[in-house]
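Next come the chains, spelled out residue by residue.
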Amino acid sequence: MARKRRADRQGGTGMARAALLAAALVPGMALGQSLTSDGQTLPLYGQDGDFVQGAAGPALAPTAGADDNARFADGTEASRAPAVAQAPGSVRIADSGAAPEGSPATLLADQVSLGADKKLVASGGVVIWYRGSRLVASRVVYDSDTGAATIEGPIHLTQPARAGTPEETILIADSAQLEPNLQDGILQGARLVLAREMQLAARELRRSENGAVTRLDNVVASSCQICAEDPVPLWEIRARRVTHDARTRQLHFDQPQLRAFGLPVAVLPWLTAPDPTVERMTGFLRPQFRTTSGLGFGIKLPYFVTLGDHADVTLTPYVAASRTRTLELRYRQAFSNGAMEWNGAVSRDDLEKGETRGYLFGAARFELPRGYMLGMQIQMASNRAYLLDYDISDADRLWSGLTLDRVRRDRMVMARIGNYESLRDDEPDEFTPSVVADALWKRRWSPARLGGIASLEWSLHAHRRSSGLDVVGRDMARGSVSLDWQRTEILPGGVLGTVEAEVAADVYRINQDSDYEDWVARADPTLAAELRWPLARHAGGVTHVIEPVAQLIWSPERTREDDVPNEDSRLIEFDEGNLFSLNRFPGWDARESGFRANLGVSWTRIDPAGWSIGLTAGRVFRSEPDPAFAYLDEGGNPVFTGPQGKKRSDWLLSATYQGANGLALVNRALFDDSLSISRNELRLGWLKPGLQVSAGYLWLDSDESENRVDDVSELTMAGGWQIRDGWWATTETRYDFTADRAQKAQLGLEYRNECVTVEMSVQRRFTSSDELRPDTSFDLGIRLGGFGQQKAGPGTVARRACLR
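The rules behind these values
- Residues numbered from 1 in each chain as written.
- Predicted model: local features only at pLDDT ≥ 70, side-chain atom pairs only at ≥ 80, totals over all residues.
- Heavy atoms only, no water.
- Phe/Tyr/Trp six-rings, centres within 6.5 Å; stacked < 30°, edge-to-face > 60°.
- Buried < 20%, exposed > 50% of the residue type's maximum accessible area, 1.4 Å probe, protein only.
- Lys NZ or Arg CZ within 6 Å of the ring centre and 35° of its normal.
- Disulfide = S-S within 2.5 Å.
- Helix = DSSP H or I, 4+ residues; strand = E, 2+ residues; numbered from the N terminus.
- 1 Å grid on protein atoms, 1.4 Å probe; cavity = no way out; pocket = protein on both sides within 12 Å on 5 of 7 lines; lining within 4 Å.
- Points joined across faces, edges and corners; volume = space filled by probe spheres on them.
- Nonpolar A, V, L, I, M, F, W, Y, C, P; charged D, E, K, R; others polar.
- Core = buried A, V, L, I, M, F, W, Y, C linked by side-chain atoms within 4.5 Å.
- Contact = heavy atoms within 4.5 Å.
- Salt bridge = Lys/Arg side-chain N within 4 Å of Asp/Glu carboxyl O.

Enquirer: Would you mind showing me how to read the packing of aromatic side chains here?
Expert: One pass over the full model with this rule turns up 13 aromatic pairs. The interplanar angle of 15 degrees and the centroid separation of 6.4 Å between the aromatic rings of Phe-289 and Phe-297 together place this pair among those described as stacked. With a centroid separation of 5.2 Å and 90 degrees between ring planes, the pair formed by Tyr-359 and Phe-361 is classed as edge-to-face. The buried category is assigned to Tyr-359, whose relative accessible area is 5%. An aromatic cluster of three or more residues is present, and its members are Tyr-318, Tyr-359, Phe-361, Tyr-386 and Tyr-390. Its guanidinium or amino end placed over the ring of Phe-580, Arg-532 lies 5.3 Å from that ring's centre, counting from NZ or CZ. Here the basic side chain of Arg-764 rests over the ring of Phe-766, its NZ or CZ set 5.4 Å away from the ring centre.

Structure representation (structure tokens):
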């Protein structure tokens with residue numbers, strides 16, 4: 001019988017935010033770009049989430065916090081699905097449990113006496129163990145006739161087996177009258193501590209039903225640390241009566257009064273809240289206050305509903321200063337073989353009067369027999385302005401469809417079909433591929449006689465535009481097969497030699513484009529030889545590694561009859577990762593051809609102090625300029641431009657540094673013989689306790705071959721740092737130097753101590769167009785500790801210092 005998996009849990013306190021992990025469902029490539037063998041659109045599996053996550057912002061509902069969902073090469077973002085627990089193993093070892101009913105108690109004391117009235121008196125360091133409970137007191141009087149015990153304090157009642165767990169409960173009192181089970185009875189001057197978080201102090205405490213129900217009278221409850229010299233906590237709840245039910249794990253407050261800094265803030269007739277052990281429970285979540293320049297001041301009040309152990313729904317009304325009426329919804333469900341999540345909202349606001357706007361993002365994934373994974377994703381929105389106005393996502397392309405994949409050590413199968421919706425002003429839907437389908441099968445093996453590694457790959461691709469116009473309404477279909485073989489041997493002198501051969505064949509069907517033949521068939525053989533000579537030197541604890549590399553590649557030059565529209569390889573990277581690649585185009589439509597030599601050298605220094613530095617330099621030499629890197633001018637003549645468009649490519653220079661203090665730097669640059677830089681990318685990462693920084697600067701020269709008419713000069717930065725104990729600040733910005741304006745700026749501040757978390761952020765979006773307007777927003781959230789389980793945040797926690 002299949003065991004259902006629990007949906008990702010969320011505290012029903014109104015104080016805790018659910019931490020959901022992204023499920024990346026594979027979208028297709030922009031402009032009809034298909035699945036690639038180098039992994040551009042392959043599903044990214046990992047554990048720390050169901051799928052490996054990228055660094056881009058997520059396509060999320062505004063009720064949830066940001067996480068790191070993946071942004072793929074085509075610019076789309078993945079909707080998320082909840083994580084599911086792993087199925088338990090077949091072997092389980094249970095604890096021995098509590099002692100059976102009627103088992104004797106164990107008593108330790110300095111003095112023990114039995115009187116004529118059959119009363120047992122124990123005094124001096126009294127410790128009693130009974131059925132998993134431990135009681136520590138100064139004096140105990142036990143009546144053997146009634147079984148009752150009168151206990152003099154200070155009293156300390158615990159269950160040691162639960163120490164350090166969320167179920168741990170500590171009971172302290174001045175005196176007590178307990179029944180034989182040492183759980184039920186009346187305690188005077190008592191203090192109850194739940195999960196080492198929530199403490200309740202009362203004049204009198206009554207326990208019943210074998211300790212499951214605890215009632216406290218004249219109670220003060222707080223999760224803040226209380227000092228003797230300053231007994232006023234940051235916040236407290238005073239109530240006439242509080243009842244804690246350990247079975248339902250709920251706290252019921254009778255006539256509660258919330259106080260902050262000793263001053264009354266709010267009074268309610270009653271209140272029900274979860275105790276600190278709760279993970280999921282129906283109820284209100286913490287409210288969120290939000291102010292934007294477009295919508296004004298508003299409040300969100302989410303209501304969480306559990307639908308069993310495997311599903312839940314969250315309804316979030318959002319009302320803002322007579323400007324908007326919004327209802328947000330999130331539904332999650334886990335199955336025995338997968339999970340799904342749906343996020344959506346419907347709004348009526350003054351930004352677009354008389355219009356009903358909304359969005360729907362959904363994702364699901366399921367494990368099928370034989371290791372296959374089935375995924376589904378749906379993304380729909382009224383327009384991009386809605387996603388930005390309500391801080392849902394900054395996505396400008398949406399993808400909906402189905403995926404199927406199976407990845408093994410020596411083979412891979414993938415398929416997907418879906419629909420694109422572009423939200424960009426410069427991408428009319430009728431001129432961009434809307435329906436895209438892909439299939440890919442690949443296998444690798446070691447040939448018995450040739451040795452080395454061989455691989456065989458089949459792929460199919462098709463995309464369709466809604467326009468019926470010639471050229472701009474072009475539709476395409478492609479079938480491809482490739483076979484490659486590679487073998488590496490160690491030659492005399494430590495030289496590493498590699499030979500590689502590849503044959504790739506394609507058949508294209510092209511519709512609605514008079515510039516190309518309807519049917520195009522082509523085949524491209526490739527031969528390559530490579531020599532590497534790694535040299536290492538070790539002295540004084542320092543290691544130097546130098547590796548020169550020379551690679552010669554030949555493939556026949558392309559002819560006009562072989563030309564097809566380049567739909568899937570419009571953006572070409574040239575870096576140390578593909579310097580020695582046979583083909584640097586990411587897709588199938590374009591391939592490098594002709595005779596060429598890839599030359600380079602790398603140097604690495606590894607210091608015993610824990611830091612290292614590396615340099616890589618290289619260049620590509622061609623017998624003739626490759627027409628695949630050229631574009632046609634107005635007269636139809638090829639223009640060879642760009643870093644790889646000439647007989648000699650630009651110089652590639654890459655430098656890396658990694659320090660023992662968590663600092664990492666990477667810079668790569670492309671420049672010609674006159675030292676004119678065409679591309680430069682600088683990335684910085686610094687991760688250590690109290691500091692998290694990620695920054696990057698990008699420079700791209702204008703390039704007609706990549707449809708980039710303007711230079712790109714952009715700085716992005718995101719960071720977080722510990723200001724002092726309890727204070728964590730975050731910042732994020734993106735600045736466009738070409739336009740001389742910022743695109744986005746955000747500053748956040750979070751304060752956390754043992755009993756309260758305050759989160760606030762201010763964000764300015766500078767995006768402006770006919771549809772989009774600049775906007776400034778301010779968010780505020782307050783979460784009280786001790787109600788439901790809560791996720792730990794970054795940095796340290798401020799704690800109240802008590803003087804002794």
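Enquirer: Looking at this model, I keep getting lost on the state of the cysteines. Mind explaining?
Expert: Two cysteines, two sulfur atoms, one covalent bond between them: this is a disulfide. One pass over the structure, following the stated rule, counts 1 disulfide. Paired by a disulfide, Cys-224 and Cys-755 hold their sulfur atoms 2.1 Å apart. Its torsion about the S-S bond being 80 degrees, the disulfide of Cys-224 and Cys-755 is classed as right-handed. With Cys-224 in the loop between strand 9 (213-222) and strand 10 (235-245) and Cys-755 in the loop between strand 43 (741-752) and strand 44 (756-765), this pair connects stretches of sequence that are 531 residues apart. The same class applies to Cys-224 as to Cys-755, namely buried.

Enquirer: Looking at this model, I keep getting lost on empty space enclosed by the protein. Mind explaining?
Expert: Regions of empty space are outlined by a rolling probe, equal in size to a water molecule, passed over the atoms. This structure, assessed with the given rule, holds 2 cavities of 30 Å³ or more. Broken down by secondary-structure element, the contributors of at least two residues to the lining of the second largest cavity are strand 44 and strand 45 (775-784). Residue composition of the lining of the second largest cavity, by class: 1 nonpolar, 2 polar and 4 charged.

Enquirer: Honestly, the nonpolar core in this entry has me stumped. Any pointers?
Expert: One broad rule of soluble globular proteins: the nonpolar side chains tend to lie buried together. Grouped together as the largest cluster of nonpolar side chains are 40 residues, with contacts concentrated most on Leu-135, Ile-151, Leu-200, Trp-235 and Phe-787. Discounting residues that sit within four places of it in the chain, Leu-200 has contacts with Ala-190, Arg-191, Leu-192, Leu-194, Leu-216, Val-219, Val-220, Ala-221, Val-242 and Leu-251. The next biggest cluster of nonpolar side chains, apart from the first, holds 14 residues, and it includes Ala-320, Ala-345, Tyr-390 and Ala-395.

Enquirer: Please clarify how the pattern of salt bridges should be interpreted in this entry.
Expert: Charged atoms that come close allow side chains of opposite charge to pair. Evaluation of the coordinates by the stated rule reveals 46 salt bridges. Residue Asp-312 is joined to Arg-332 by a salt bridge in which the shortest nitrogen-to-oxygen separation is 2.8 Å. One end of the pair, Asp-312, is in strand 19 (residues 311-320); the other, Arg-332, is in strand 20 (residues 324-335), with 20 residues separating them in the sequence. Here Asp-312 matches Arg-332 in class, with each residue buried. Three or more residues are tied together by salt bridges with common partners; here these are Asp-349, Glu-352, Arg-357, Asp-389, Arg-765 and Arg-773.

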